[in-house]
Each structure stands twice: as structure tokens, then as C-alpha cells.
Amino acid sequence: MKIQLHNTLTGEKDDFKPLKEGSVSMYNCGPTVYDYAHIGNFRTFIFSDVLRRMFEFNGYKVDAVMNITDVDDKTIKRSQKENISLEALTRKYEEIFFDDLKSLNIERFKKTPRATESIPEMISLIEKMLENGTAYKSSDGIYFDITKSKNYGRLANLNLENTTRERIANDEYDKENARDFSLWKFYTEEDGDVLYEAPFGKGRPGWHIECSAMSMTNLHAETIDIHTGGSDLIFPHHTNEIAQSEAVTGKTFVNYWMHSGFITVDGKKMSKSLGNIFTLQDLKAKNIDPIAYRYFVLSAHYSTLLNFTWEALEGAETALKRLRDKVNNLPDGGKIVDTEFISFINDDLNTPKALALVHDILKDENVSPADKKATILKMDEVLGLDLDKVENIVVPDEVLKLMQERDVARAEKDFAKSDELRNKIEKLGFKVKDTESGAQLDLS
Ligand SMILES: [Zn+2]
């Protein structure tokens, strides 16, 4: 069955052709473990989880790696601020991260290497670049010479006309500042006790070289099928990964680059100053099932800009609970019927269509109740929504309050207000039925 994936490198939806028949190698840029990951990060991890599940659904053997960045500018700074060791800080957030993955039904990848445990491989890549002249030594570290790279910046569609021969030591910078980037940072007192010995001078790796080394080492290949990440990683991180990996091997680093879209909150970019960065801990504090967030994310295509609101999340939670309730009321023992499910997910992971199909099957009178259940639970192998979980639908207080307000509006014949309240109730995932004996919630 044909699989098509949107490839950032070509800008097109490409037919997927694996390097090795029947198997796929995937590298996913993992978290930098210096704080709680936020819901925007988890959108990317849900996306790579569904991608892996889609391949398994198609019978592929998947070799997937997700790294843990436990040494970089951010982790060092935070550990110093909290006055604890780098290891104590990063292990704490690594553990929280794995718990969060679990609560979102994101299956842990087979390999989750830590950057601090792959330093020798990074050093060896840097040595090769120094030997072949694509890297050079300066007073504060080893830098990659971007003018020596073929097609530098192709992934990010960079215009390099105004590139100056300058260097940048920071791990993160913007497109306007494309320049020679840091592979290795020589030790300074600011790094405290974080340092590694290397033939070219003691110090620590830059962020970008970490992923090149962990990808090649853990997937045992110089070229892999797929590399994923959030679209904020296209530049500089993935652009630099390509440049340095291909400078060492002379081969294509990755055949398919896939990126998930941003999440905004109430239409605004998530940022500390706006106080709108939410974590799974915030969801749990509001007693919201984290899988409702997964449902919310899957209801949009992974590549789109997705706007998060608490109202939309609560609506997703209600929809999910009702779906589970319906599925659980169906009898067991059915068979899986043919649907378009596989063609939807193989079409660049069209999860909105796949979810709509689940609802359509429930309504389909030509499918027996037992077959509905078997078919939907098979689809859930990709969706990961725990659709066989038993739910008791509880109507939130907010909905009950809105219903009461609406009764008052109707009694006063204020129909504009009554319609407005109906819309609010529907946004929270409940339908209103007006009957002769008054308004009721449609819980079917
Ligand atoms: Zn990475």
C-alpha cells in the first residue's frame, strides 16, 4: 500500500521508498531536559508516535530513536541557577518526560540515548571534519565552515547571499544570522564542572553535533529514512545536522524530513512573558485526561498551525469520552471490515479524516455492532486513544450552568441569547435538544 509523506526537503508530498524493503529507520529530536516539556513539544511527540504506529500498521519493522539532550547551553545554565549538578537536573526532567509520554500513550522508542553518553562519537565526527577541512579551530572552539557545505540551508530555503564570514557560538539563532556554527565549545569557567577531554581541546559539544552522532550511532547508518521534529528545528538545528553529517560521510544524511506545526494559545504564540505555556501537569491539575489532548491534536493535520484553548480541550475530552462510551456499548466478537482508514493514514497521516471515519462507522447501518467495535479498535492501534476504556459520562458543572441560563433566556423569549448559549454548550462537546418538556442534553 502506497505511503505518501510531506518532505520538508523537497517541499512536496513524496512517495515513501524505504532504504531497506519492509523496514524504516527514524530519528526524532527529543527533549532538552532542563524543565517540563510543554504542550507544543508534545504535539511533535504525538506526531512521531502516530508516524511510527502508521508504519507498524502497514507491516513495517520500525527502528526508532529519540535522543535526550542532557548537555547544552540551556541545561548548564539551569543547573547552575538551581545550584544542582547537571546530572541531577537532567535525570529529574528526563523521568518526568517519560511519565508524560506514557500518559499520552506515546510508546517509548526502542532507543533513547543521552547526549552525555555519546561524547566519543561526537568527538570522532569533529575530528573527521577537522581533517577534511570543513571545520576549523578558533580561540573559543571548533566551528563548521558553512561555505564548504554543498547546498547549505536548502532545508530552510536560506538565501545565503549576505552571509558574512562570522561565527556564532550560541546553539540557537535565527535565519538572518546564518553563519559558521559551533561544533565544540572550549571550556570556560561559566561551564562549571561540565567538561570533556578531546584531542582538539577540553570542552563540550554544540547542540547540533549531538544529534548527528546519536543518529548515526544508534541507527547504525550514515543515511536514514526519516528525521522528525518541530518546525522550529528546521533552522538552525536540522540545517546544521545535515551540513555536518554530510561533510563527514559525503552521503545524504536523511531522505525524508518531517516537521510538525506550531501550537498557539488563544491565538498567541506561547511565551513565558504571556504566561501561556502549558504543561501536562497543568492539564492534570484541572483533572483533564491527557489523552483528550491527544484527541485534540489528532483532530487537526500535524503540519497545520493549531490553536489551543481550554474550551476546545474540554470539548475534545467530552467527544473522546462519548466515543469510548459508544464503543464500549458495542458487543465483542466481530470482524474487521474494510474501510478507507489505511488510505487516510498513509496519505501523510491524515488523522482528521481517520477520526471522522471512526464516527462514520459508528453511524453506518450496514456494519453490524460487533464488526463496528472490532474495526474501530483496530484503528485505535494507530490513533492510541484507549477507545476500549470504560467511561462514565459526567456533565461538567459549567454545562449545567449554561443550560440553566439558557432556560431562563428561553422563558424570557430572548432567542438571540438562547442561541448564543447553545453555541457555548456545543463548543464544550454537548448537543442541546429542545423538547416539549424543556431543553435536554443529548448524551447519545
Ligand atoms: Zn536534534
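Quick note: structure is the one above.
One structure accompanies this document, and this report is about it. On a predicted model such as this, the values are computed, not experimentally measured, just so you know. (Residues numbered from 1 in each chain as written. Predicted model: local features only at pLDDT ≥ 70, side-chain atom pairs only at ≥ 80, totals over all residues. Heavy atoms only, no water.)

Let's talk about the overall build of the protein chain
Looking only at helices and strands, the protein chain features 14 helices and 16 strands. In terms of overall dimensions, the protein chain is globule-like: its C-alpha atoms have a radius of gyration of 25 Å, near the 22 Å expected for 444 residues. In terms of principal-axis extent, the alpha carbons of the protein chain reach across some 85 × 50 × 40 Å. In the protein chain, which comprises 444 residues, the proportion classed as buried is 53%. (Helix = DSSP H or I, 4+ residues; strand = E, 2+ residues; numbered from the N terminus. Rg over C-alpha atoms; globule rule 2.2 N^0.38 Å. Buried < 20%, exposed > 50% of the residue type's maximum accessible area, 1.4 Å probe, protein only.)

A closer look at the coordination of the zinc ion
Of the protein atoms, only Cys29 (SG), Cys211 (SG) and His237 (NE2) coordinate the zinc ion, at distances of 2.1 to 2.2 Å. Sequence positions of the donors to the zinc ion reduce to the motif C-x181-C-x25-H. Placement of the pair is cysteine 211 in helix 5 (residues 207–219) and histidine 237 in helix 6 (residues 234–249), with a sequence separation of 26 residues. The burial state of cysteine 211 is the same as that of histidine 237; both residues are buried. (Donors = N, O, S within 2.8 Å, 3.2 Å for Na, K, Ca; no water.)

A few points about the sheet that holds strand 12 (residues 263–265)
Read across the sheet, three strands follow the order 13-12-14 without closing on themselves; strand pairing throughout is mixed. Each edge of the sheet is formed by a strand with only one pairing partner; in this case those strands are strand 13 (268–269) and strand 14 (306–308). Inspection of the sheet shows strand 12 paired to strand 14 by three bridges, in the parallel sense. Counterpart to valine 265 in the pairing with strand 14 is phenylalanine 308. (Pairing = 2+ DSSP bridges.)

Considering helix 11 (residues 351–363)
Across its 13 residues, helix 11 extends 19 Å between first and last C-alpha, which sits within 8% of the 18 Å expected from 1.5 Å per residue. Those residues of helix 11 lying buried are Thr351, Ala354, Leu355, Leu357, Val358, Ile361 and Leu362. All buried residues of helix 11 fall inside an arc of 150° around its axis, so they share one side. If you follow the buried residues of helix 11, they end up packed against helix 1 (39–57), helix 8 (290–298), helix 9 (310–328), helix 10 (341–346) and helix 12 (369–383). Backbone nitrogen of lysine 353 and a side-chain oxygen of the N-cap are separated by 3.2 Å at the start of helix 11; the cap is asparagine 350. (Expected span 1.5 Å × (residues − 1). Arc of directions from axis to C-beta. Contact = heavy atoms within 4.5 Å. Polar contact = N/O pair within 3.5 Å; in protein donor to acceptor, adjacent residues only side chain to side chain.)

Regarding the nonpolar core
The nonpolar side chains of soluble globular proteins are, as a tendency, buried together. Among the nonpolar cores identified, the biggest contains 75 residues, and Phe55, Ile226, Tyr293 and Phe308 are the most heavily contacted of them. With nine residues, the top contributor of residues to this core is helix 1. In this view, isoleucine 226 contacts Leu5, Phe16, Val24, Ser25, Met26, Tyr27, Leu51, Phe55, Val254, Tyr256 and Met258; residues no more than four positions away in its chain are not counted. Within the second largest apolar cluster, 49 residues are counted, among which are Tyr27, Ile126, Trp207 and Leu219. (Core = buried A, V, L, I, M, F, W, Y, C linked by side-chain atoms within 4.5 Å.)

A few points about the pairing of strand 16 (residues 438–442)
Pairing analysis gives five bridges linking strand 15 (residues 431–435) to strand 16, with the strands arranged antiparallel. From the neighbouring strand, aspartate 434 faces strand 16, where its bridge partner is alanine 439. With antiparallel pairing between neighbouring strands as the criterion, strand 15 and strand 16 make up a hairpin whose turn holds two residues.

Remarks on the environment of tyrosine 36
In this structure, tyrosine 36 sits in the loop between strand 3 (23–28) and helix 1. Of the residues examined, tyrosine 36 reaches a relative accessible area of 37% and is grouped as partly exposed. Linking tyrosine 36 and leucine 280, residues 244 residues apart in sequence, is a C-alpha distance of 8.5 Å.

As for the side chain of histidine 301
Positionally, histidine 301 belongs in the loop between helix 8 and strand 14. Leave out the neighbours within four places in its chain, and histidine 301 touches Arg43, Asp348, Leu349, Asn350 and Pro352.

A few points about helix 2 (residues 73–81)
Each α-helix winds once per 3.6 residues, and so residues spaced three or four apart point in a common direction. Among all positions in helix 2, only Thr75, Ile76, Arg78 and Ser79 are buried. The elements touched by buried residues of helix 2 are helix 3 (86–103) and strand 9 (203–205). Two residues or fewer past helix 2, asparagine 83 is found with a positive phi of approximately 55°.

Comments concerning the packing of aromatic side chains
Per the counting criterion, the structure on display carries 22 aromatic pairs. Arranged with centres 6.2 Å apart and planes meeting at 55°, the rings of phenylalanine 253 and tryptophan 257 form a pair that is tilted. An identical accessibility class is assigned to phenylalanine 253 and tryptophan 257; each is buried. Seen in terms of ring centroids, phenylalanine 308 and tryptophan 310 are 5.2 Å apart; in terms of plane orientation they differ by 80°. Their pairing is edge-to-face. Each member of the pair, phenylalanine 308 together with tryptophan 310, is buried. Among the aromatic side chains, those forming a connected cluster through ring pairs are Phe278, Tyr293, Phe296, Phe308 and Trp310. Lying over the aromatic face of phenylalanine 98, arginine 108 brings its terminal NZ or CZ to 3.7 Å of the ring centre. Over the ring of tryptophan 310 we find lysine 286, and its NZ or CZ is 4.4 Å from the ring centre. (Phe/Tyr/Trp six-rings, centres within 6.5 Å; stacked < 30°, edge-to-face > 60°. Lys NZ or Arg CZ within 6 Å of the ring centre and 35° of its normal.)

Comments concerning the pattern of salt bridges
Overall, the coordinates contain 31 salt bridges when judged by the stated rule. Across the pair lysine 284 and aspartate 100 runs a salt bridge whose closest N-O atoms are separated by 3.8 Å. Placement of lysine 284 in helix 7 (residues 280–285) and of aspartate 100 in helix 3 is noted, with a sequence separation of 184 residues between them. Assessed through its relative accessible area of 38%, lysine 284 is described here as partly exposed. (Salt bridge = Lys/Arg side-chain N within 4 Å of Asp/Glu carboxyl O.)

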